[in-house]
4 protein chains.
Amino acid sequence: MNILKELAVQKLKDRGVKILDIADIVFNLQKKYIEDLTIEDCISTIDSIIAKREVTHAILTGIAIDETVEKDLFEEPINKIIKTDDSLYGIDEILPLSIVNIYGSIAFTNFGYLDKTKPGIIGKLDTLGKDGKQCHTFLDDIICAIASSAASRLAHKNRID
Amino acid sequence: MNILKELAVQKLKDRGVKILDIADIVFNLQKKYIEDLTIEDCISTIDSIIAKREVTHAILTGIAIDETVEKDLFEEPINKIIKTDDSLYGIDEILPLSIVNIYGSIAFTNFGYLDKTKPGIIGKLDTLGKDGKQCHTFLDDIICAIASSAASRLAHKNRID
Amino acid sequence: MNILKELAVQKLKDRGVKILDIADIVFNLQKKYIEDLTIEDCISTIDSIIAKREVTHAILTGIAIDETVEKDLFEEPINKIIKTDDSLYGIDEILPLSIVNIYGSIAFTNFGYLDKTKPGIIGKLDTLGKDGKQCHTFLDDIICAIASSAASRLAHKNRID
Amino acid sequence: MNILKELAVQKLKDRGVKILDIADIVFNLQKKYIEDLTIEDCISTIDSIIAKREVTHAILTGIAIDETVEKDLFEEPINKIIKTDDSLYGIDEILPLSIVNIYGSIAFTNFGYLDKTKPGIIGKLDTLGKDGKQCHTFLDDIICAIASSAASRLAHKNRID
């Protein structure tokens with residue numbers, strides 16, 4: 001059993017993110033390119049991505065930062081800068097590169113697209129974060145990274161030549 | 001006088017891209033965030049970006065590849081892979097990172113967004129390339145990079161604290 | 001006054017890093033390329049780099065993570081993975097990309113070189129971290145990023161054409 | 001059969017690079033970390049890396065640029081900038097990121113280290129390029145990328161937990 005992976009999936013759930021939420025985003029990204037794509041394909045692809053050590057490290061680190069900031073345990077002013085998801089704070093977009101880079105340029109461009117358009121659970125996390133009770137500054141970008149990486153992997157696997 | 005910059009602007013024009021075409025994209029990206037933004041602000045920001053050595057190098061290299069491929073001077077099969085802008089060919093999205101990286105994470109996420117949505121001149125280049133007479137495989141992504149970098153620079157300059 | 005910058009310099013000092021320690025590394029990287037380079041040139045270049053918002057954000061976030069891990073305040077197992085600087089944990093090398101990317105490919109290649117060779121204060125932080133009393137998992141890579149960015153900036157400024 | 005891979009291996013050979021030359025570099029990078037490492041392990045790891053589509057695309061594009069520049073077929077001044085491997089020209093270090101990124105941060109830091117220290121075939125290509133008869137501006141960096149990616153993959157595969 002991949003203990004780090006089980007833990008990452010559990011932490012995502014604890015923070016309000018189900019694998020199916022991510023699968024919905026992936027399905028909407030790729031359905032126009034892959035004719036017979038199913039939600040099950042998306043789920044199993046996400047599953048294989050979260051099994052990678054680099055990905056579990058990114059998920060667990062990002063959520064650890066969010067939770068620490070939520071409890072105001074980082075020194076000021078960096079705690080507040082992260083908590084308010086300051087528009088010029090960019091570390092939350094840099095950390096998920098450890099996921100996106102592994103899956104190539106389709107992952108990379110979809111990452112930017114999802115970060116701007118915030119569909120489904122990504123937008124929901126963003127709104128919850130802006131209410132100030134929860135902090136999802138890193139988590140929403142990590143979800144963008146997992147979804148865009150899954151989209152890229154599906155595109156590559158679907159190629160037959 | 002910055003000779004490399006003058007040359008880069010001229011090559012862009014020769015390949016069908018005016019600075020104003022890029023400014024339109026930047027204006028549409030940033031108008032909702034910067035109340036009194038003008039097209040002139042966008043033009044002068046693009047101007048300062050194209051003045052940088054890394055940016056002229058990227059523009060001149062990308063266009064040189066496109067033109068060489070257009071004349072079928074690269075060996076096969078790489079000439080054809082680039083000419084048809086194969087969806088799994090990702091070098092054209094990697095090269096513009098030499099521009100985007102300099103301008104931080106707002107540039108980076110907007111790059112992916114523009115690459116997916118292809119507004120204005122970006123979509124026009126993409127369509128011309130797909131007709132097969134011209135090759136703009138690298139140029140369209142370079143325009144995405146210049147526009148997204150200008151959007152990022154405007155966001156940073158507009159911050160007063 | 002740039003308050004974030006003053007704070008970043010103070011936090012570096014609190015964690016055992018003086019600007020002069022970084023300047024020594026930069027001087028050794030660039031002295032063979034720039035004939036009349038002085039330690040003062042290196043100090044003022046580092047100074048201009050630390051003045052940038054992206055750089056202060058990276059410094060303050062990296063040190064905040066290190067300090068939190070030192071106090072065992074992240075959940076396990078991620079606290080231990082970061083504390084022991086596990087060789088397959090790579091988030092500490094990803095975060096400083098927010099600094100390195102801004103300064104182009106000379107910064108990027110020097111970053112890898114410094115990370116492998118660990119001269120001066122970088123090696124000292126690494127050894128202190130491995131003793132287990134302190135955690136400098138993120139800080140040593142951030143120092144690599146500042147030093148390599150300063151080397152790149154000096155190379156570009158020294159070019160006269 | 002993977003035709004693109006066979007072609008990439010052949011082009012490397014035509015340009016003076018044998019897989020064994022790359023394996024020597026990988027062996028020297030990793031022998032101190034992996035006790036029973038053999039040259040055969042290095043060769044088979046390089047083999048699996050060159051089999052990836054992104055990697056063959058990078059190899060074939062980089063060599064196509066080098067060969068075109070060698071024949072002076074790009075317009076000036078970019079042909080000369082690439083031919084002389086101008087120290088401020090950084091596109092040759094950006095293109096191999098399409099390889100390095102896939103293999104994570106151990107690949108990334110080793111890439112910078114190899115680019116600075118230029119062991120074995122990397123230094124040989126660099127010297128041949130500086131004589132002006134051949135152009136290996138892109139190829140030497142691509143070899144750095146393949147070797148550093150192989151080092152990273154071996155480090156990950158050698159981990160048993």
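Rules of the game
Residues numbered from 1 in each chain as written. Chains lettered and ligands numbered in written order. Predicted model: local features only at pLDDT ≥ 70, side-chain atom pairs only at ≥ 80, totals over all residues. Heavy atoms only, no water. Least-squares fit on C-alpha atoms with pLDDT ≥ 70 in both. Contact = heavy atoms within 4.5 Å. Buried area = accessible area lost by both parts, 1.4 Å probe. Salt bridge = Lys/Arg side-chain N within 4 Å of Asp/Glu carboxyl O. Polar contact = N/O pair within 3.5 Å; in protein donor to acceptor, adjacent residues only side chain to side chain. Helix = DSSP H or I, 4+ residues; strand = E, 2+ residues; numbered from the N terminus. Nonpolar A, V, L, I, M, F, W, Y, C, P; charged D, E, K, R; others polar. Axes fitted to C-alpha atoms, helices over the stretch in contact; angles between N-to-C directions. Parallel < 35°, antiparallel > 145°, perpendicular 65-115°, else oblique.

K.L.:
Got a minute to help me understand the relation of the copies chain B and chain D in this structure?
P.N.:
Taken together, a rotation about one axis and a shift along it account for how the two chain copies relate. Structural alignment of chain B on chain D gives an RMSD of 0.0 Å, achieved by rotating through 180° and translating 0.0 Å along the axis. The superposition of one copy onto the other is thereby described by a two-fold rotation axis. Residues of chain B ranked by C-alpha distance from the rotation axis are headed by Leu95 of chain B, positioned 2.9 Å from it. With an isologous cut-off of 70% or more, the 100% of interface residues of chain B that recur at the interface of chain D puts this contact in the isologous class.

K.L.:
Would you mind going over the relation of the copies chain C and chain A with me for this structure?
P.N.:
The operation relating chain C to chain A is a screw motion whose rotation component is 180°, with 0.0 Å of axial translation and a residual RMSD of 0.0 Å. Both copies contact each other with a shared surface, as 96% of the interface residues of chain C are interface residues in chain A too.

K.L.:
Can you help me understand the interface of chain C and chain A in this one?
P.N.:
In many reports, interface size means the accessible area that the parts give up when they come together. With 26 residues of chain C in contact, the opposing surface of chain A contributes 25 residues. For the pairing of chain C and chain A, the buried interface totals around 2,300 Å² over both sides, and the portion due to carbon and sulfur atoms is 75%. By the criterion of area lost to chain A, the three top residues of chain C are His57, Ile91 and Ile94 of chain C, representing 22% of everything that side buries. Inspection of the chain C/chain A interface yields 2 salt bridges. Lys11 of chain C is the partner of Glu75 of chain A in a salt bridge, and the nearest nitrogen-oxygen pair spans 3.1 Å. There are 4 residue pairs in polar contact (both at pLDDT 80 or more) connecting chain C and chain A. Listed by contribution, the elements that provide at least two residues to the side of chain C that touches chain A are α1 (3-14), α4 (53-70), α5 (78-83), α6 (91-94) and α7 (97-100) of chain C. The dominant element in the side of chain C that touches chain A, judged by the number of residues it contributes, is α4 of chain C, at 9 residues. Of the residues in the side of chain C that touches chain A, the class split is 17 nonpolar, 4 polar and 5 charged.

K.L.:
What should I look at first to understand the interface of chain B and chain D in this one?
P.N.:
Contacts between chain B and chain D engage 26 residues on the former and 26 residues on the latter. Across the chain B/chain D interface, buried area totals approximately 2,300 Å², and carbon plus sulfur atoms make up 75% of it. Ranking the residues of chain B by area buried against chain D places His57, Ile91 and Ile94 of chain B at the top, with a combined share of 22%. Summed over the shared surface of chain B and chain D, the result is 2 salt bridges. Between the two partners, chain B and chain D, sit 4 residue pairs in polar contact (both at pLDDT 80 or more). Listed by contribution, the elements that provide at least two residues to the side of chain B that touches chain D are α1 (3-14), α4 (53-70), α5 (78-83) and α6 (91-94) of chain B. Here the element with the most residues in the side of chain B that touches chain D is α4 of chain B; it accounts for 9 residues. When its residues are assigned to classes, the side of chain B that touches chain D shows 17 nonpolar, 4 polar and 5 charged.

K.L.:
Which parts of the structure should I look at to understand the packing of helix α9 (residues 120-130) of chain D against helix α10 (residues 139-157) of chain D?
P.N.:
Axes are the key here: two packed helices are described by the angle between their axes and the distance separating the axes. All names here are of chain D. Between α9 and α10, whose axes approach to 9 Å, the crossing angle comes to 170°. One way to sum up the angle between α9 and α10 is to call them roughly antiparallel. Between α9 and α10, the residues in contact are Ile121, Ile122, Leu125 and Asp126 and Leu139, Asp140, Ile143 and Cys144, respectively. Its residues placed into classes, the contact of α9 with α10 shows 6 nonpolar, no polar and 2 charged.

Limitation: the analysis is restricted to geometry and does not speak to function.
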